[in-house]
Amino acid sequence: MNPQTGPVPFQPAAQSETLKLMVEQMPELMDSTSDYEAGSIILEEGEPNDRLYILIHGRATLGKMDEAGKVVEVDAFGAGSILGLTSFWMREKVFAQIRAATDAHCISIERSVFDKLVFS
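Residues numbered from 1 in each chain as written. Predicted model: local features only at pLDDT ≥ 70, side-chain atom pairs only at ≥ 80, totals over all residues. Heavy atoms only, no water.

Engineer: Just to check I follow, could you spell out a nonpolar patch on the surface for this structure?
Structural biologist: A cluster of nonpolar side chains, contributed by Ile-82, Leu-85, Trp-89 and Met-90, occupies part of the molecular surface with about 430 Å² of accessible area. The leading source of residues in the nonpolar patch is helix 2 (residues 85-90), at three residues. Position of Met-90 among the secondary structure elements: in helix 2. Using a relative accessible area of 47% as the deciding quantity, one classes Met-90 as partly exposed. (Patch = residues over 30% accessible without salt bridge, like charges linked within 9 Å, V, L, I, M, F, W, Y side chains within 5 Å. Areas by Shrake-Rupley, 256 points an atom, 1.4 Å probe, with all protein chains shown as cover. Salt bridge = Lys/Arg side-chain N within 4 Å of Asp/Glu carboxyl O. Helix = DSSP H or I, 4+ residues; strand = E, 2+ residues; numbered from the N terminus. Buried < 20%, exposed > 50% of the residue type's maximum accessible area, 1.4 Å probe, protein only.)

The following block contains the structure:
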C-alpha cells in the first residue's frame, strides 16, 4: 500500500509483461502454447488436469454447473491469469469449467516443466 495514494491497483498488463519475460527465458514454454477461439473450453469441469495454463492474451470465464445442469459464470480472468491452479496443484479433477470469453492465447505447462520453473 502506498501511504500517500492508498492501495496500489492490480496491473494485469504488468503481470502479463512479466510472464512474457519468463517465457523468453524458458524457450521450452514456447512449445506449449495453445490458441482458443471465443467460446471454446480450456478446462472442463470434472476432467483430470495435468497442466497449468497461463492466459497470455484474451479473457476467460469460470463457470460452475448448477443443479439444472446449466453452467453459471462466477468469475472472469484477463491476461496474466493462471488457470487450473487448484486442480493442477491438488492433482484432482477440475472443479469448474474455464471457457475462452474472447479469442485467447495460453501457455500450458506440464508438471515436469512446472517443477523445473519452481526449482530455477
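Engineer: Explanation requested: the environment of Asn-49 in the structure shown.
Structural biologist: Here Asn-49 shows up in the loop between strand 2 (41-43) and strand 3 (51-57). When residues no more than four places from it in sequence are discounted, the contact partners of Asn-49 are Leu-43, Gly-84, Ser-87, Phe-88, Glu-92, Val-94 and Arg-111. A distance of 3.2 Å separates a polar atom in the side chain of Asn-49 from the backbone oxygen of Gly-84. Looking at Asn-49, its side chain comes within polar contact range of the side chain of Ser-87, at 2.9 Å. (Contact = heavy atoms within 4.5 Å. Polar contact = N/O pair within 3.5 Å; in protein donor to acceptor, adjacent residues only side chain to side chain.)

Engineer: When you look at the pairing of strand 7 (residues 97-100) in this model, what are you seeing that I'm missing?
Structural biologist: Every regular strand shows the same layout, with side chains that alternate between the two sheet faces. For strand 2 and strand 7, the ladder comprises two bridges, and the chain directions are antiparallel. Residue pairing for strand 7: Ile-41 is matched across the bridge by Arg-99. Bridge analysis of strand 4 (residues 60-65) against strand 7 gives four bridges, and the strand direction is antiparallel. Its bridge partner being in strand 7, Gly-63 is matched across the sheet by Gln-97. (Pairing = 2+ DSSP bridges.)

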